[in-house]
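The primary structure of each chain is shown beneath.
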Amino acid sequence: MATGKFFQEVEVPQQKSQIQNHLLFPAVLSPAATDSSVCVLEDAIRAEKAWLECLLNERGAILFRGFPVTSPDDFNDVVEAFGYPEAIYVGGRASRTKVVGRVYTANECPPHMGIPFHHEMSYVPDFPTKLVFFCEEEPGKGGETPIVLSHIIYERMKEKHPEFVARLEEHGLTYIKFAGDEDDPSSFTGSSWKSAYKTDDKSVAEERAAKLGTKLEWMGNTAKVITGPVPAIRFDKESGRKTWFNSLSASYSGPASEKGSNRNTTVELGNADPIPDDAMEDLMKILEEECVAIPWKKGDVLLVNNLMVLHSRRPLLKPPRRVLASLCK
Ligand code: FE2
């Protein structure tokens, strides 16, 4: 068990043991002492930054549970204590609202909708390397934020669909999204081009998009947002492993045979070949089999290494739920 001076590692039933090294995913830390306050937590994070960073890179994610983080302001202070620069959400596909400081809603789409697995902003070159989530209001039921180690998904997909994975590595992916000029809160990829590129001016949006390797084609006031081809598999130098670094499952609009998909995104291989439906079906199954979904508790803070770990959201079965997020470089 890893232990810092201020933190003790505890176990929760949903954690999974990694096959190669038997380490639990994610790490779960609780206060080592009983006289805990937000200030004590912030000081502890600053004092144990190197140790926490090692733990994060070893395990992929750390859940801080049992600390008295109660408000968005508290959470903002906790994020600041980690000392990571803020990653600005430009070119993002979700509709999100600022709450305070560098804290935003995680996604404005209806809580009963699930969000498939993805690496945050894996479709732009300047993606965040860390994500911090905070549970302000504990869900009545459901609404977990499942996480999964990305190298495991790569390995299992390579085993099951070697030919597809070889094509994915060769060609990468092209992501396509149709963005209107107003946010669409009914979709988890519902950001308008105006909020994605933080401007009302089409030519400024085009310039900002171009910096992110994205082309905008106009259909009246709707932008066809074309990003790619971008790599779909990433080599993580730190671990020496390849990861499933993409937003494939969150961008795929379903089998062509399935009518009625109202997704505003689609994705294809970088050479414009379609994504095989059978590979996608297996991908969804593997993600579900390998993921860890720990029910949120009020005050939980979850630090995720976005290079190592994919995340998603399960549908909320019983309100309330309020989970906030902050993105870091
Ligand atoms: Fe996300």
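The next subject is a negative patch on the surface. A cluster of like negative charges, contributed by Glu 108, Glu 182, Asp 183 and Asp 184, occupies part of the molecular surface. Tracing the chain through its elements places Asp 184 in the loop between strand E12 (173-179) and helix H6 (193-197). The class of Asp 184 is partly exposed, set by a relative accessible area of 32%.

Next up on the list: the sheet that holds strand E8 (residues 115-118). Across the sheet, which stays open at both edges, the three strands sit in the order E8-E19-E11 with antiparallel pairing between neighbours. Single-partner strands in this sheet number two, and they are E8 and strand E11 (147-149). The average undirected angle you get between the axes of adjacent strands in this sheet is 15°. Sitting on the sheet, helix H4 (residues 150-160) touches E11 and strand E19 (309-313), and the angle it makes with E11 is about 65°.

A separate point is the domain arrangement of the protein. One frequently used descriptor of interface size is the decrease in accessible area upon assembly of the parts. By domain assignment, the protein separates into domain 1 (7-148 + 294-328) and domain 2 (151-287). On a C-alpha basis, the centroid separation for the pair domain 1 and domain 2 is 23 Å. The junction of domain 1 with domain 2 conceals about 2800 Å² of combined surface from both sides, 59% of it contributed by carbon and sulfur atoms. Counting across the domain 1 and domain 2 interface gives zero salt bridges. Our count for the domain 1 to domain 2 interface comes out at 14 residue pairs in polar contact (both at pLDDT 80 or more). Of the residues forming the side of domain 1 that touches domain 2, the biggest block, four residues, is contributed by E8.

What follows deals with the packing of helix H1 (residues 38-47) against helix H3 (residues 72-82). Running from N to C, H1 and H3 cross one another at 15°; their axes reach a closest spacing of 8 Å. With respect to each other, H1 and H3 are oriented roughly parallel. Relative to H3, H1 is oriented so that their crossing is right-handed. Contacts between H1 and H3 pair Val 38, Leu 41, Glu 42, Ile 45 and Arg 46 from the former with Asp 74, Asp 77, Val 78, Ala 81 and Phe 82 from the latter. Taken together, the residues of the contact of H1 with H3 break down into six nonpolar, no polar and four charged.

Our focus in this paragraph is the coordination of the iron ion. With distances of 2.1 to 2.2 Å, the protein atoms coordinating the iron ion are His 118 (NE2), Glu 120 (OE) and His 311 (NE2). Read in sequence order, the donor residues for the iron ion give the motif H-x1-E-x190-H. Highlighted residues: His 118 in strand E8 and His 311 in strand E19, separated in sequence by 193 residues.

About the cut-offs
- Residues numbered from 1 in each chain as written.
- Predicted model: local features only at pLDDT ≥ 70, side-chain atom pairs only at ≥ 80, totals over all residues.
- Heavy atoms only, no water.
- Patch = residues over 30% accessible without salt bridge, like charges linked within 9 Å, V, L, I, M, F, W, Y side chains within 5 Å.
- Areas by Shrake-Rupley, 256 points an atom, 1.4 Å probe, with all protein chains shown as cover.
- Salt bridge = Lys/Arg side-chain N within 4 Å of Asp/Glu carboxyl O.
- Lys, Arg positive; Asp, Glu negative; His and termini not counted.
- Charge placed at Lys NZ, Arg CZ, Asp CG, Glu CD.
- Helix = DSSP H or I, 4+ residues; strand = E, 2+ residues; numbered from the N terminus.
- Buried < 20%, exposed > 50% of the residue type's maximum accessible area, 1.4 Å probe, protein only.
- Pairing = 2+ DSSP bridges.
- Axes fitted to C-alpha atoms, helices over the stretch in contact; angles between N-to-C directions.
- Contact = heavy atoms within 4.5 Å.
- Domains from an automatic or database assignment.
- Buried area = accessible area lost by both parts, 1.4 Å probe.
- Polar contact = N/O pair within 3.5 Å; in protein donor to acceptor, adjacent residues only side chain to side chain.
- Parallel < 35°, antiparallel > 145°, perpendicular 65-115°, else oblique.
- Left-handed = near helix turned anticlockwise from the far one by under 90°.
- Nonpolar A, V, L, I, M, F, W, Y, C, P; charged D, E, K, R; others polar.
- Donors = N, O, S within 2.8 Å, 3.2 Å for Na, K, Ca; no water.

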